[in-house]
Amino acid sequence: MLSKLRLLRPPVSPGSRILNAWENKNYSDKKNGRGKTTPPLIQDEFSTNPKSPTTTHSSESENNNGWQNDSKNNQSFRNWSLFGGAIILSGTVYGIYHFDIMKQKKDDNLITEENTNAKKIRKLVQIPSLSESIPDNIQYLLIGGGTASFSAFRAIKSADPTARVLVISAEGYLPHMRPPLSKELWYGDDTEMAKSLNFHQWNGTSRSLFYEPEPFYTPVEELTTAKNGGISLARGWKVESINVSKKKVKLNDGKEISYDKCLIATGSVPKTLKLYDDANEELKNKFSVFRSISDFEDLWEQLGHIKSIAIIGGGFLGSELAASLANKGKKNGVKIYQIFKEKGNMGKVLPKYLSHWTTEKVRNEGVEVVTETEVENCSLENNKRQVNLKLSNGKNISVDHVIMAVGAKPNTELATDAGLEIDSKLDGYLVNSELQARTDLYIAGDCACFYDKQLGRRRVEHHDHAVISGRLAGENMAGAAKPYQHQPMFWSDIGPSVGYEAIGIVDSSLATMGVFAKGNHKDPSLLANETDQNTLTNKKETNEELVSKNNESISENDYNKGVVFYLKNDVIVGIVLWNLFNRMSIARQVLKTNRCYKDLNEVAKLFNIHGDSS
């Protein structure tokens, strides 16, 4: 545009200076909605005025005399010529400028529409590029490149320093942790830090999402010849089947690999909605799930182009994402909706009163939470730029994008060909107490259905379980033969006001007993209203109180910090530490006793609720 202006710029003259001043005023008036948008045409203005200099000049030109000797008319002609030419030139410049602006706006609209209507196409890179570079025989073969595999190969190398370990991962990324994808990466002002997949931990230090940098891994081509063995990662390759009896796996290009010991740690895959499964491709492009780094990067990029997102699901992921995206979207004016069928956030996990309290905290973050509602149908609208969601409550919501956070299912694709058992109720590969499914074949992480001698058959989809089960599987692959006795915990952060850790079976359908810290209110009537509660004084903090809550009672308490016990046949089977940290060892001891307590208020005192929980 500047180059066009330079080429069209006329020589500066007194007349043009006057015109420029007038044009600037006209442009300013246009920007502010005043006056005409373009100067009037010369011939139109002057043809209506018989006394105009132009009329006189035309008459004199026809007679071909007088004007050469008339200096006044000659000067007038020059001035009006300059004036008219400059006006024509300014109109041309303005036309070019206006055309460029409109073209740029059109291009921007096309870019925005393209970004909001089409999913980013990613080409999966395979490293190594040819399967011939992958060893035909391997000592330790790990299928899956997530946390469980990472924990397993660290344990294997610790027990067997010269071990040769091959990790085959269908993902194109190095092994990494997943929890920060929906939490820490969305907070903070350092955009470049987040885009490089680094984040601040709870203690303020920064770290990478990846467990180890690429140089940590031995190149696949060098694994069999490395003096002290090593850990190699084949990225972008997928194991299609396992022959358990022959101890072989087949890759997606047909290559076979023999193993001595094998671990399946394929994790879980996000569930989708039926209305999405039945939709056409155009509509599907407006939906996404959220689990991988690619999902994070795509969503991060989209936040710069879209103005509204609906998150379907009120569980861990849906609630974390809702609060995180609301925080991130405040600067861009992005509206976040959260839709789920429960009565409150985390409704399947938290007791009713705590779920309601959490929902209000999520709303305070700017999320429009729509409870007790399901999406019945959806369609494209607004020139296919938005999705119209028809809700079961009779309302409609139009958004630019929809995220399905409706749970996950274990990835058990290999079960059929391998002849491995899947639990009929919990799903997942059935394993014994040593996480073994067959001789020399182990399962760890989300896809393992293990037996807990205290709580029965279980399947857990949390980071801590992936770490510990992966570690135990690795140790057992190296010959340890240890049973899995760890009681896995999990944590969740929903905005700045809600953070909790939990252990055992935490299910809102169970009877619960919550004990919460309560400040010393000046209004005694607030305490008097707690007629259905067992209120007692903490001996260590005489100015604060503990308020006990059963499963059904709801009050106006501010549940900032406390502990919730989950009971089955009056025995504690689960514990939630609400905004209370560094107490998990106590929770494990309480759970391990497997006994019926007469007074849970006394048990709550073990957690020193009023103490420092940082």
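Cut-offs and rules
- The written sequence of each chain sets the order in which its residues are numbered from 1.
- Reporting of local features is limited, given that this is a predicted model, to residues whose pLDDT is at least 70; pairs of side-chain atoms are given and counted only at 80 or more, and all residues count toward the totals for whole chains, interfaces and linings.
- As a rule here, side-chain values cover all heavy atoms of the structure and leave hydrogens and water aside.
- UniProt positions are given in the numbering used here, feature names are shortened, and annotations may be inferred rather than shown by experiment.
- Numbering of helices and strands starts at the N terminus; helices are DSSP runs of H or I of at least 4 residues and strands are runs of E of at least 2.
- Burial here depends on accessible area, computed with a 1.4 Å probe over protein chains only, as a share of the maximum for the residue type. Under 20% is buried, over 50% is exposed, and the range in between is partly exposed.
- Note on contacts: a residue pair is in contact if any heavy atoms of the two residues lie within 4.5 Å.
- Per-residue accessibility takes into account occlusion by the displayed protein chains alone, with areas from the Shrake-Rupley method and a 1.4 Å probe.
- For the purposes of this section, nonpolar cores are sets of buried Ala, Val, Leu, Ile, Met, Phe, Trp, Tyr and Cys residues that join through side-chain atoms within 4.5 Å.
- Whether two strands pair depends on DSSP finding at least two bridges between them.
- Think of each axis as a best-fit line through the C-alpha atoms, taken over the contacting stretch in the case of a helix, with angles from 0 to 180 degrees between the N-to-C directions.
- Any Lys or Arg side-chain nitrogen located within 4 Å of an Asp or Glu carboxyl oxygen qualifies as a salt bridge.
- Whether two aromatic rings pair depends on their centres lying within 6.5 Å, for rings of Phe, Tyr and Trp, where Trp uses its six-membered ring; planes under 30 degrees apart make the pair stacked, over 60 edge-to-face, and the rest tilted.
- Placement of a positive charge over a ring is assigned whenever Lys NZ or Arg CZ falls within 6 Å of the ring centre and within 35 degrees of the normal to the ring plane.
- Residues are said to line a cavity or pocket when one of their atoms sits within 4 Å of a point; the points come from a 1 Å grid over protein atoms alone, cavities being sets where a 1.4 Å probe fits but cannot get out and pockets being open sets with protein on both sides within 12 Å along at least five of seven lines.
- Grid points are joined across faces, edges and corners, and a volume is the space filled by probe spheres set on the points.
- Think of it as three bins: nonpolar holds Ala, Val, Leu, Ile, Met, Phe, Trp, Tyr, Cys and Pro, charged holds Asp, Glu, Lys and Arg, and polar takes everything else, Gly as well.
- In this analysis, the expected span of each helix is defined as 1.5 Å times one less than the number of residues it contains.
- Throughout this description, a polar contact denotes any pair of N or O atoms lying within 3.5 Å of each other; where both atoms belong to protein, one of them has to be capable of donating a hydrogen while the other can accept it, and for residues adjacent in sequence the pair is counted only when both atoms sit in side chains.

An unreviewed UniProt entry annotates the chain as Apoptosis-inducing factor 1, mitochondrial of Macrosiphum euphorbiae. Among the UniProt annotations of the chain, the heading Catalytic activity (unreviewed entry) holds the following wording: "A + NADH + H(+) = AH2 + NAD(+)". Taken verbatim from the UniProt record of the chain, the Subcellular location (unreviewed entry) comment is "Mitochondrion".

A. Main features of the overall build of the chain. Along its length, the chain carries 17 helices and 30 strands. Counting across all 614 residues of the chain, residues that qualify as buried make up 46%. Considering only residue pairs separated by 6 or more positions, the chain has 68% of its internal contacts joining residues 24 or more positions apart. Roughly 31,600 Å² of accessible area belongs to the chain as shown, and the carbon and sulfur atoms make up 49% of that amount.

B. Inspection of the nonpolar core at higher detail. By size, the foremost hydrophobic cluster in this structure holds 112 residues, and its most contacted members are Ile242, Ile309, Leu325 and Trp578. Ranked by the residues each element gives to this core, the list is headed by helix H14 (residues 463–477), at 6 residues. Sequence-distant contacts of isoleucine 309, that is, excluding residues within four places in its chain, are made with Leu299, Leu303, Leu325, Val334, Lys335, Ile336, Tyr337, Val399, His401 and Ile403. Listed in part, the 22 residues of the second largest apolar core include Val515, Leu577, Leu591 and Phe607.

C. Inspection of the sheet that holds strand E14 (residues 375–381) at higher detail. Pairing within the open sheet is antiparallel, and its 3 strands lie in the order E14-E15-E16. Bordering the open sheet on either side are E14 and strand E16 (396–399), each of which pairs with just one other strand. On average, each strand axis in the sheet is inclined to that of its neighbour by 20 degrees, with strand direction left out of account. In terms of strand pairing, strand E15 (residues 386–391) meets E16 through 4 bridges, oriented antiparallel. Looking at the pairing, leucine 389 lines up with isoleucine 397 of E16.

D. Broad picture of the pattern of salt bridges. Under the counting rule described, the total for this entry stands at 20 salt bridges. Note that arginine 459 is salt-bridged to glutamate 461, the shortest N-O span being 2.9 Å. Owing to a relative accessible area of 29%, glutamate 461 belongs among the partly exposed residues under this scheme.

E. Highlighting the packing of aromatic side chains. Counted by the stated rule, this structure contains 18 aromatic pairs. Judged by centre distance (5.0 Å) and plane angle (90 degrees), the ring pair of phenylalanine 216 and tyrosine 217 falls under edge-to-face. The class for phenylalanine 216 is partly exposed, based on a relative accessible area of 31%. Judged by its relative accessible area of 9%, tyrosine 217 is buried. Judged by centre distance (5.2 Å) and plane angle (20 degrees), the rings of tyrosine 500 and tryptophan 578 are stacked. Taken together, the residues tyrosine 500 in strand E25 (residues 498–504) and tryptophan 578 in strand E30 (residues 571–578) connect sequence positions 78 residues apart. Exposure remark for tryptophan 578: the relative accessible area of 0% places this residue in the buried category. Following the ring pairs from residue to residue traces out a cluster consisting of Tyr353, Trp357, Tyr500, Phe516, Tyr559 and Trp578. Seen from the ring of tyrosine 276, lysine 284 lies directly overhead, with NZ or CZ sitting 5.3 Å from the centre. Across the ring face of tyrosine 337, the terminal group of lysine 335 is positioned such that the distance to the ring centre comes to 5.8 Å.

F. Layout of the sheet that holds strand E19 (residues 429–430). Taken together, the 3 strands give an open sheet; going across it, the order is E19-E22-E23, and neighbouring strands pair in mixed fashion. One side of each edge strand has no neighbouring strand; the edge strands of this open sheet are E19 and strand E23 (456–458). Alignment of strand E22 (residues 448–452) against E23, held across 3 bridges, turns out to be antiparallel. Among the inter-strand pairings, phenylalanine 450 is bridged to a residue of E23, identified as arginine 458.

G. Just the layout of surface pockets, in detail. Approximately 1,100 Å³ is the volume found for the second largest pocket. What lines the second largest pocket is a set of 33 residues, among which Glu184, Trp202, Trp491, Asp493 and Glu501 lie closest to the centre. Every element with two or more residues in the lining of the second largest pocket is listed here: strand E3 (198–200), H14, strand E24 (489–494) and E25. For the lining of the second largest pocket, the residue count by class is 15 nonpolar, 11 polar and 7 charged.

H. Main features of H14. For H14, with 15 residues, the first-to-last C-alpha span of 21 Å sits near the 21 Å given by 1.5 Å per residue. Counting buried residues in H14 gives 12 out of 15 residues, a clear majority hidden from the surface. Along H14, the residues classified as buried are Asp464, His465, Ala466, Val467, Ile468, Ser469, Gly470, Leu472, Ala473, Gly474, Asn476 and Met477. Directly after H14, the chain includes glycine 479, whose backbone phi takes a positive value near 105 degrees.

I. Molecular detail of the side chain of serine 492. Along the chain, the position of serine 492 falls in strand E24. Accessibility expressed as a relative area gives 0% for serine 492, which makes it buried. Among the polar contacts made by the side chain of serine 492, one reaches the side chain of glutamate 320 at a distance of 2.6 Å.

J. Spotlight on the environment of valine 460. With respect to the element layout, valine 460 can be found in the loop between E23 and H14. Each C-alpha atom, one on valine 460 and one on leucine 426, is 9.6 Å from the other, the two residues being 34 residues apart in sequence. If we skip the residues at most four places from it in the chain, valine 460 touches Gly445, Asp446, Phe450, His465 and Pro488.

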